[in-house]
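Geometric and topological summary
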Amino acid sequence: VTSSLTMNTTTMEYTLETCLEKPKHLIGLRLGNYSHVTKSELVDEYIEMEPGGHLRPQNCKPGQTVAIIIPYRNRSSHLHILLHNLIPFLTRQNVDVTFFVIEQAGNSTFNRGALFNVGFLEVEKFHRFDCYILHDVDIIPLNDHNLYRCSENPRHFAVAINKHNYKLHYESYFGGVVGLIREQYLQINGHSNLYIGWGTEDDDLLIRVRNKNLTMVRYDPLTARYDMIQHDRDVGNAENPMRLTLRKSAARRQDVEGLNTVTKHYQVLDMKLETLYTWITVSLNNSG
Ligand code: UDH
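Residues numbered from 1 in each chain as written. Predicted model: local features only at pLDDT ≥ 70, side-chain atom pairs only at ≥ 80, totals over all residues. Heavy atoms only, no water.

The subject of this paragraph is the state of the cysteines. Summed over the entire model, instances satisfying the criterion amount to 2 disulfides. There is a disulfide in this structure between Cys19 and Cys60, and the S-S distance comes to 2.1 Å. Its S-S torsion of about 90 degrees marks the bond between Cys19 and Cys60 as right-handed, since a negative value means left-handed. With Cys19 in the loop between β2 (13–16) and α1 (39–45) and Cys60 in the loop between β3 (54–55) and β4 (65–72), the pair connects residues that are 41 residues apart, well separated along the chain. An identical accessibility class is assigned to Cys19 and Cys60; each is buried. (Disulfide = S-S within 2.5 Å. Helix = DSSP H or I, 4+ residues; strand = E, 2+ residues; numbered from the N terminus. Buried < 20%, exposed > 50% of the residue type's maximum accessible area, 1.4 Å probe, protein only.)

What follows is about a negative patch on the surface. A surface patch of like charges, here negative, comprises Glu41, Asp44, Glu45 and Glu48. Within the element layout of this structure, Glu48 appears in the loop between α1 and β3. (Patch = residues over 30% accessible without salt bridge, like charges linked within 9 Å, V, L, I, M, F, W, Y side chains within 5 Å. Areas by Shrake-Rupley, 256 points an atom, 1.4 Å probe, with all protein chains shown as cover. Salt bridge = Lys/Arg side-chain N within 4 Å of Asp/Glu carboxyl O. Lys, Arg positive; Asp, Glu negative; His and termini not counted. Charge placed at Lys NZ, Arg CZ, Asp CG, Glu CD.)

On to the site of the ligand, then. In the neighbourhood of the ligand, 16 residues make up the surrounding shell, with Pro71, Arg73, Val137, Asp138 and Trp198 lying closest. In the environment of the ligand, a nitrogen atom lies 2.8 Å from a nitrogen or oxygen atom belonging to the backbone of Arg73. With respect to the ligand, the side chain of Asp138 contributes an N or O atom lying 3.0 Å from an oxygen atom. Relative to its free-state accessible area of 670 Å², the ligand is covered by the protein chains to the extent of 81%. Taken together, the residues of the shell around the ligand break down into 6 nonpolar, 2 polar and 8 charged. (Near = heavy atom within 4 Å. Polar contact = N/O pair within 3.5 Å; in protein donor to acceptor, adjacent residues only side chain to side chain. Nonpolar A, V, L, I, M, F, W, Y, C, P; charged D, E, K, R; others polar.)

Structure, rendered in structure tokens:
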């Protein structure tokens, strides 16, 4: 480990140097680790995790604080696999990151967009993070040059997924993993809350980004490469028959429906600071 302490000769105090934008110990593309792992095995393995799922570099001072928000219901094995991959990946990248799992309670139809909005608002009560990475539970980054940081433009991280032969699914695909600085998520008014069930809330999000004259950026497909853990469609997340109709009014709805209206749709039922993550369980009422 290279030392990055410098001494201030006036105060005689040591300060940590700022982390390199691109750390030297990155390893590039490698296979994901899909072995079955339990929560307690993860807790035992990653003793560096601090309460609430906080991980930070010990040898340098990172430039940003990052919140990873994971919309969730009934996918514990995927969550454990994701963390088993992300923790070493983000350690190599010197990221100051906190994991937040936003669990939708009960059997109401899953609403991924609303969960991200809820996550954003609840996370803000802990800390105003610089960078928000919105991350599906089942997709695993394979190349640590895919730096989990925010830049001046919203980033689509999950460019090349195995499910689509490691090619971009379609030009305006903005799903899987995206990252925005706090001010951008506020500016676009977050996600729409109206996509109840599977599909198109991610397209709506990109319409919101572009409608505010923000430009989405991507790394190249070899860098931004992911595996999606194979799974069947979940119970309670049927394809939303309204999704294409909703998309037509995306730009029109942007300022009147989204992050600024989600509070009337949810209640926090439980919040736990665990070793691996902050776990927030919410009930959603999906009535428009
Ligand atoms: N999610 C859950 N639980 C659910 C539904 C969704 O945790 O019950 C979250 C999870 O983070 C997931 C994300 O929402 O990664 C997106 O949902 P998805 O994985 O169902 O969406 P995706 O487009 O897959 O990845 C669609 C299922 C297609 C199955 C086709 C089988 N051949």
